[in-house]
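# Summary of structural features
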Amino acid sequence: MTDDGTTTAAATGTLGYEQARDELIEVVRRLEAGGTSLQDSLALWERGEELAKVCRHWLEGARARLDAALAGPAPAAEGGGDAAADAG
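These figures come from a predicted structure and were not determined experimentally.

As a further point, take the overall build of the chain. A count of helices and strands for the chain gives four helices and zero strands. In the chain, the order of α-helices and β-strands from amino to carboxyl end is α-α-α-α. By residue count, 16% of the 88 residues in the chain fall in the buried class. Once local pairs closer than 6 in sequence are excluded, the contacts in the chain between residues at least 24 apart make up 77%. Surface summary for the chain: the accessible area is close to 6,600 Å², and the carbon and sulfur share equals 57%.

Set out below in structure tokens:
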């Protein structure tokens, strides 16, 4: 956690969802374990915030794609798609 922030931000932008999630789990584990200095804890917290943003970005993108996929066929298939849309 000795980055100046530039390297961390650049590296975070290239992470996939699973990578960011796994690293976030590790950050949380280290914070919960304690035993780190205040400075290290703050750096871990900041990294966790960055990773959470990456995860949120991926999840929002997935939600948008899912919504688009569900909305796409509905107008063409009248009647058949309504029950599935109502159930979700």
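Next up on the list: helix 3 (residues 38–71). A rise of 1.5 Å per residue sets the reference length of helix 3, with its 34 residues, at 50 Å; its end C-alpha atoms lie 48 Å apart and thus fit the reference within 8%. Among all positions in helix 3, only Ser41, Ala43, Leu44, Arg47, Gly48, Leu51, Val54 and Cys55 are buried.

A few words now on the packing of helix 2 (residues 17–33) against helix 3. Relative orientation of the contacting elements helix 2 and helix 3 amounts to 150°, with a least axis distance of 9 Å. What the angle tells us is that helix 2 and helix 3 run roughly antiparallel. The two elements helix 2 and helix 3 meet at a crossing, and its hand is left-handed. Residue-level contacts link Tyr17, Ala20, Arg21, Glu23, Leu24, Val27, Arg30 and Leu31 of helix 2 to Ser41, Leu44, Trp45, Arg47, Gly48, Leu51, Ala52, Val54, Cys55, Trp58 and Leu59 of helix 3. Of the residues contributing to the contact of helix 2 with helix 3, the split by class is 13 nonpolar, two polar and four charged.

This brings us to the nonpolar core. Core analysis: the largest hydrophobic core is formed by seven residues, namely Leu15, Ala20, Val27, Leu44, Leu51, Val54 and Cys55. Only helix 2 and helix 3 provide two or more residues apiece to this core. Considering each element in turn, this core owes the most residues, four residues, to helix 3.

Applying the stated criterion to the full structure yields five salt bridges. Its salt-bridge partner being Glu23, residue Arg47 comes within 2.7 Å of it at the nearest N-O pair. Placement of Arg47 in helix 3 and of Glu23 in helix 2 is noted, with a sequence separation of 24 residues between them. The salt bridge partner of Arg63 is Asp67, with a shortest N-O separation of 3.8 Å. Of this pair, Arg63 and Asp67 both sit in helix 3, four residues apart, which is roughly one turn of that helix.

This part covers the confidence of the model for the chain. Caution applies to low-pLDDT parts of the model: their predicted coordinates are not meant to be read in detail. Put simply, the chain has an average pLDDT of 81, and 67% of its residues get 70 or more. When mean pLDDT is compared element by element in the chain, helix 2 scores highest at 97, while helix 4 (residues 80–87) scores lowest at 50. Overall, residues 1–7 carries pLDDT values under 50, and its contacts beyond four positions in sequence, including any with other chains, amount to five contacts.

Conventions adopted
- Residues numbered from 1 in each chain as written.
- Predicted model: local features only at pLDDT ≥ 70, side-chain atom pairs only at ≥ 80, totals over all residues.
- Heavy atoms only, no water.
- Helix = DSSP H or I, 4+ residues; strand = E, 2+ residues; numbered from the N terminus.
- Buried < 20%, exposed > 50% of the residue type's maximum accessible area, 1.4 Å probe, protein only.
- Contact = heavy atoms within 4.5 Å.
- Areas by Shrake-Rupley, 256 points an atom, 1.4 Å probe, with all protein chains shown as cover.
- Expected span 1.5 Å × (residues − 1).
- Axes fitted to C-alpha atoms, helices over the stretch in contact; angles between N-to-C directions.
- Parallel < 35°, antiparallel > 145°, perpendicular 65-115°, else oblique.
- Left-handed = near helix turned anticlockwise from the far one by under 90°.
- Nonpolar A, V, L, I, M, F, W, Y, C, P; charged D, E, K, R; others polar.
- Core = buried A, V, L, I, M, F, W, Y, C linked by side-chain atoms within 4.5 Å.
- Salt bridge = Lys/Arg side-chain N within 4 Å of Asp/Glu carboxyl O.
- pLDDT = per-residue confidence, 0-100.

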